[in-house]
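What follows is each chain in one-letter form.
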Amino acid sequence: MRIDVISIFPEYLQPLGLSLLGKARQDGLLSLEVHDLRDFTTDRHRTVDDTPYGGGAGMVMKPEPWAQALESVLPVEGTREGKPVLIVPSPAGARFTQAMAYELAEEPQLVFACGRYEGIDERVIDWAQERFDVRPVSLGDYVLNGGEVAVMAMVEAIGRLVPGVVGNAESLVEESHSDGLLEYPVYTKPSSWRDHEVPEVLLSGNHGKIAQWRRHQQYARTAARRPDLLADFDAAKLPRADREAF
Ligand SMILES: OB(O)c1ccc2cc[nH]c2c1
C-alpha cells in the first residue's frame, strides 16, 4: 500500500516512521510519502490561505496549491484500476470506524489531505471527485485544529490491518470492534497482585469455559460502555460455540 499525506506541517507526521509502521515500511509492505503543501505555492511567501468569501472568522485554504499537490500524487494514467481514495479529515465527515479501516486496508493507494485554518476551499473537494474517490472522514464528535492528528490515528488503524504488518494476525481477531463488541479484560502474572486476583476461570485450563467467560465479558462491557454498538450486534453471526454466552 502506498500512502500519501499532504500537510503544511509535514514534520507532524514523522512519528508514523516509528515502530510497527516503520518496520512495515522497511519491509516494503507500506510506503509513506509526506508532501508539504507549501511546495505547491508560487508566491514568495508560499501562501496557502486567504480570507473567507461571505466573511467570518479565520482563513480558508486556497484551492490551487491543493489541486497541484493532489495532481502530483495521482498514479500514472492506466497504472491502476479505479480512482485512488482521497481521505479528507473533517469534523463534517462520516464517522471513521473499524469496518472502514478494514475496507481501506485493501486499497493500493490512500491519499490524505490535512486541512488547517477553517478548512479547505470546498471547490477542491468538488474538483477532486473526477480524479479521486473522495471521503470526508471524522474521528469523532469533537474538533481538532487540523487534519494531521486524525491522519496519524487513521494511518495507524488502517496500516496495522495490511497483511503482514502485525506479526501475529491472530491478535487482530479478538480486539475491540473486530466482531462488533468491545474486547474482554486481560490479565498476566502474578495471579495475586495487591489483593487483586485473576478470575478463577482463567486459571482453570478449561478452554471452553474460558471462551464462554470471555464472550460474556465482551457483551457485558459493551452493554455498559457502548450500548450503541449492541444495536448492530447479531449473536447469530458468531461461530456456534460462541453463541452460548448470550
Ligand atoms: O477535527 B478534525 O478532524 C479536523 C480536520 C481538519 C481540520 C481543518 C481545520 N480544522 C480541522 C479539524
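Remember, predicted model here, so these are calculated numbers, not experimental data.

### Considering the overall build of the chain
- In terms of helices and strands, the chain carries nine helices and nine strands.
- Reported as C-alpha extents along the three principal axes, the dimensions of the chain are approximately 70 × 40 × 40 Å.
- When each of the 246 residues of the chain is scored for burial, the buried share is 39%.
- Long-range contacts, defined as pairs at least 24 residues apart, comprise 75% of the intrachain contacts of the chain with a sequence gap of at least 6.
- Of the roughly 14,500 Å² of accessible surface on the chain, a fraction of 51% belongs to carbon and sulfur atoms.
- Seen as two clouds, the 26 positive and the 38 negative side-chain charges of the chain have centres 4 Å apart.

### Brief notes about the pattern of salt bridges
- A full pass over the atoms with the stated rule returns eleven salt bridges.
- In this structure, Arg116 and Glu148 form a salt bridge, with 2.9 Å as the shortest nitrogen-oxygen distance. With a gap of 32 residues between them, Arg116 in the loop between strand E6 (109–113) and helix H4 (122–128) and Glu148 in helix H5 (residues 148–159) connect regions that are remote in the sequence.
- A salt bridge links Asp133 to Arg135; its shortest N-O distance comes to 2.9 Å.
- One connected set of salt bridges, linked through shared partners, spans Asp36, Asp39 and Arg46.

### Remarks on H5
- Over its twelve residues, H5 runs 16 Å from end to end, which matches the ideal 16 Å to within 8%, given 1.5 Å per residue.
- For H5, the full list of buried residues reads Glu148, Ala150, Val151, Met152, Met154, Val155, Ala157, Ile158 and Gly159.
- On the buried face of H5, the contacting elements are strand E1 (2–7), helix H1 (19–26), strand E5 (85–95), helix H3 (98–104), E6 and strand E7 (133–138).

### Some points on the nonpolar core
- Counting residues in hydrophobic clusters, the biggest one holds 32 residues, and the most contacted among them are Phe96, Phe112 and Ile158.
- Counting residues per element, the ones that place at least two in this core are E1, H1, E5, H3, E6 and H5.
- Among the elements that take part in this core, H5 stands out by supplying seven residues, more than any other.
- If we skip the residues at most four places from it in the chain, Ile158 touches Met1, Phe96, Ala101, Leu104, Ala105, Leu110 and Phe112.
- Of all hydrophobic cores here, the second largest spans 20 residues; its members include Trp66, Leu86, Ile125 and Ala128.

Thresholds, definitions, all that
- Every chain is numbered independently, its residues counted from 1 as its sequence is written.
- With pLDDT at 70 or above as the cut-off, local features in this predicted model cover only qualifying residues; side-chain atom pairs require 80 or more to be listed or tallied, and sums for whole chains, interfaces and linings still use all residues.
- No hydrogens and no water enter the side-chain calculation; it runs on all heavy atoms of the structure.
- For the purposes of this entry, the term helix denotes a DSSP run of H or I that reaches at least four residues, the term strand denotes a run of E that reaches at least two, and both are numbered from the N terminus.
- Three exposure classes are used, based on accessible area relative to the maximum for each residue type with a 1.4 Å probe and protein chains only: buried under 20%, partly exposed in between, and exposed over 50%.
- Pairs of residues are marked as contacts when any of their non-hydrogen atoms sit within 4.5 Å.
- Using the Shrake-Rupley algorithm and a 1.4 Å probe, accessible areas are obtained, with residue cover drawn only from the displayed protein chains.
- When charges are counted, Lys and Arg contribute as positive and Asp and Glu as negative, whereas His and the chain ends are disregarded.
- All charge positions are set by atom: Lys at NZ, Arg at CZ, Asp at CG, Glu at CD.
- Each salt bridge in this description consists of a side-chain nitrogen of Lys or Arg and a carboxyl oxygen of Asp or Glu lying within 4 Å of one another.
- Multiplying one less than the number of residues by 1.5 Å gives the expected span of a helix.
- Joining through side-chain atoms within 4.5 Å is the link that ties buried Ala, Val, Leu, Ile, Met, Phe, Trp, Tyr and Cys residues into a set, and such a set is a nonpolar core.

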